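Geometric and topological summary
What follows is the residue order along each chain.
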Amino acid sequence: MVRGVLSRLSSSYGAFLSASSSLALLSNGKQCPLSLPSSFKVESHFGLLWSLSHLSTGSTMCKAYFSKKALEASEVVDIDWDGLGFGLVQTDFMYIMQSSSDGTFNKGELLPFGPIQLNPSAAVLNYGQGLFEGLKAYRKEDGSILLFRPEENALRMIAGAERICMPAPTVEQFVDAVKQTVLANKRWIPPTGKGSLYIRPLLVGSGPVLSLVPASEYIFMIYVSPVGNYFKEGLAPINLIVEKEFHRAAPGGTGGIKTIGNYASVLKAQKMAKEKGYSDVLYLDSVHKKYLEEVSSCNVFVVKDNVISTPAAKGTILPGITRKSIIDVARSKGYQVEERVVSVEELLEADEVFCTGTAVVISPVGSITYLGKRIEYGNKGVGVVSQELYSSLTRLQMGLVQDTMGWTVQLK
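Nothing here was measured: the structure is a model prediction, and the numbers come from that model.

**As for the overall build of the protein chain**
Of regular secondary structure, the protein chain possesses nine helices and 21 strands. Within the protein chain, the fraction of its 412 residues that count as buried is 51%. Contacts in the protein chain between residues at least 24 apart in sequence constitute 69% of all its contacts with a sequence separation of at least 6.

**Examining the nonpolar core**
Judged by nonpolar contacts, the single largest core of 37 residues is most densely connected at Leu131, Phe174, Val178, Val182, Ile199, Leu203 and Phe220. Of all the secondary structure elements, the ones that give two or more residues to this core are β5 (93-98), β8 (135-139), β9 (145-148), α3 (150-163), α4 (171-184), β10 (196-205) and β11 (218-227). Those residues within four positions of Val178 in sequence are excluded, and the remaining contacts are Leu135, Leu147, Ile199 and Ile222. With 22 residues, the next largest nonpolar core counts Ile238, Leu284, Val344 and Val365 among its residues.

**Describing helix α6 (residues 267-275)**
By the burial criterion, the buried members of α6 are Ala269, Gln270 and Ala273. Each buried residue of α6 lies within a common arc of 100 degrees when the element is viewed along its axis, so the set occupies one face. Set apart from the buried face of α6 by more than 90 degrees, the exposed residues are Lys268, Lys271 and Glu275. Those residues of α6 hidden inside the fold are in contact with β12 (238-243) and β13 (280-284). The positive-phi residue at the C-terminal boundary of α6 is Gly277, with phi of around 100 degrees.

**Looking at the confidence of the model for the protein chain**
Put simply, the protein chain has an average pLDDT of 84, and 80% of its residues get 70 or more. Note on residues 1-62: pLDDT under 50 across the span, and 104 contacts to partners over four residues away in sequence or across chains. Every residue in residues 65-73 is under pLDDT 50, and counting partners more than four places away or in other chains gives 18 contacts.

**As for empty space enclosed by the protein**
Applying the stated criterion across every chain yields a total of four cavities of 30 Å³ or more. Elements supplying a minimum of two residues to the lining of the largest cavity: β8 and α7 (321-332). Looking at the lining of the largest cavity, the element that brings in the most residues is β8, giving three residues. Tallied by class, residues from the lining of the largest cavity come to five nonpolar, six polar and one charged.

**Concerning the state of the cysteines**
Under the defined criterion, the tally for this structure stands at zero disulfides. Of all cysteine sulfurs in the structure, the one in Cys298 sits closest to Cys355, which takes part in no disulfide; the separation is 5.2 Å.

**Side note on the side chain of Ser367**
Its location among the elements puts Ser367 in strand β19 (residues 361-370). Accessibility expressed as a relative area gives 1% for Ser367, which makes it buried. A polar side-chain atom of Ser367 sits 3.2 Å from a polar atom in the side chain of Arg374. With residues up to four places along the chain from it excluded, the contact list for Ser367 reads Ile238, Asn239, Leu240, Arg374, Ile375, Glu376 and Tyr377.

**Here's the deal with the side chain of Lys136**
Topologically, Lys136 is positioned in strand β8. Within the local environment of Lys136, its side chain forms a polar contact with the backbone oxygen of Thr358, the two atoms lying 2.9 Å apart. In this structure the side chain of Lys136 is engaged in a polar contact, spanning 3.1 Å, whose partner is the backbone oxygen of Ala359. Apart from residues lying up to four places away in sequence, Lys136 is in contact with Leu146, Leu147, Phe148, Ser196, Leu197, Tyr198, Ile199, Val227, Thr358, Ala359 and Val361.

**Notes on the pattern of salt bridges**
Scanning the entire structure with this criterion turns up 12 salt bridges. Its salt-bridge partner being Glu133, residue Arg156 comes within 2.7 Å of it at the nearest N-O pair. Highlighted residues: Arg156 in helix α3 and Glu133 in the loop between β7 (130-132) and β8, separated in sequence by 23 residues. Assigned by exposure class, Arg156 and Glu133 land together as buried. Close ionic contact of Arg248 with Glu294 constitutes a salt bridge, the shortest N to O distance being 3.4 Å. Of this pair, Arg248 sits in the loop between β12 and α5 (261-264) while Glu294 sits in strand β14 (residues 292-295); the two residues are 46 residues apart in sequence, bridging distant segments of the chain.

**A look at the packing of α7 against helix α9 (residues 384-397)**
Contact pair α7 / α9: the axes reach a minimum separation of 10 Å and the direction vectors enclose 110 degrees. In this view, α7 runs roughly perpendicular relative to α9, as classed from their interaxial angle. Listed contacts from α9 to Thr322, Ser325, Ile326, Val329 and Ala330 of α7 are Leu389, Ser392 and Leu393. Residues belonging to the contact of α7 with α9 are distributed by class as follows: five nonpolar, three polar and no charged.

**Some details on unusual backbone geometry**
Phi at Asp305 is positive, roughly 60 degrees, even though this residue is not glycine. Among the secondary structure elements, Asp305 is positioned in the loop between β15 (298-304) and β16 (307-311). At Val361, a position not held by glycine, the phi torsion is positive, near 60 degrees. Tracing the chain through its elements places Val361 in strand β19.

Basis of the calculations
- Residues numbered from 1 in each chain as written.
- Predicted model: local features only at pLDDT ≥ 70, side-chain atom pairs only at ≥ 80, totals over all residues.
- Heavy atoms only, no water.
- Helix = DSSP H or I, 4+ residues; strand = E, 2+ residues; numbered from the N terminus.
- Buried < 20%, exposed > 50% of the residue type's maximum accessible area, 1.4 Å probe, protein only.
- Contact = heavy atoms within 4.5 Å.
- Core = buried A, V, L, I, M, F, W, Y, C linked by side-chain atoms within 4.5 Å.
- Arc of directions from axis to C-beta.
- pLDDT = per-residue confidence, 0-100.
- 1 Å grid on protein atoms, 1.4 Å probe; cavity = no way out; pocket = protein on both sides within 12 Å on 5 of 7 lines; lining within 4 Å.
- Points joined across faces, edges and corners; volume = space filled by probe spheres on them.
- Nonpolar A, V, L, I, M, F, W, Y, C, P; charged D, E, K, R; others polar.
- Disulfide = S-S within 2.5 Å.
- Polar contact = N/O pair within 3.5 Å; in protein donor to acceptor, adjacent residues only side chain to side chain.
- Salt bridge = Lys/Arg side-chain N within 4 Å of Asp/Glu carboxyl O.
- Axes fitted to C-alpha atoms, helices over the stretch in contact; angles between N-to-C directions.
- Parallel < 35°, antiparallel > 145°, perpendicular 65-115°, else oblique.

Next up, the structure:
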């Protein structure tokens, strides 16, 4: 039975539910043993989104019932796909899986998107014991769905988890969870060429701690959001400033993994740069302060003649999956690609500079300001190499060309 009155109804299910002082919910002809607190609300922003953490035990039948109903919701999404930016759009479902006492992960489940409960002393809140990943799903012209290299994200999460003493889902568990989450939210995948579905897996220490020790419990979760371009400029060139005082990573630290703390450290320098009109910050190494490392959330490449150079990922630089893919694509097209130490002075002589990342794919750099001097590239236009590599990779990701690399995973 449901206690209280359900006064807020989803427009998609207005004909299905009606408010009353006592409401019996039926599933396959049987009553669902639901027990809802008076604070429980039926969300109506994007269909019927239930916070199933409020459901009493024994309500598996009802969970399945309402999941089925939500999946039967209209496929129409009221979004201006042409105006889609890179911001959170609340979708229908998220995926959650918890670790058992021995560090293995139990079978996860899809739940309606909503808040999660964490102990105030959870390791992720107190000591930052957490990782995240980012990947995308694309809609092909025939309506099918493509994932791009999800197993690489799984492997990177496993490597990062080992560095900060966390268990991690297996590659199979990770990829299966991604597939389930994408299919459950497939109506939010933009049409071909209008954007993608950004997928955010998280692994956090949820167990309570007080002393500085690894958590005893962990949660793996995934949520998604339709996105457009990360930078407001789109594929148009961005303007960077080289930062000398702040650093995002140091040798022996965690710059080479995707731990959550890496990103908080860039916010101040990024904020200062944007206030001056720059798109983002290019960081130097913290020892010599003269070698290129990363942009706040992107890898960087320097082009000179037929040679493309990028800083080697040796502990302070995140081994980006888009970075790895661009290197392979560039080599397949005859470019010489070097992973090495790249000095800031090389920017002065470069033909092109571009950034890579899951969010941006490729973002050409129009100018870099260093020690008060502004260096411009390609007459403020998109460089030839940047355009060629961007087109090659995005066409592969969207299924517009044959995937000879074996990088995409097709979902029905």
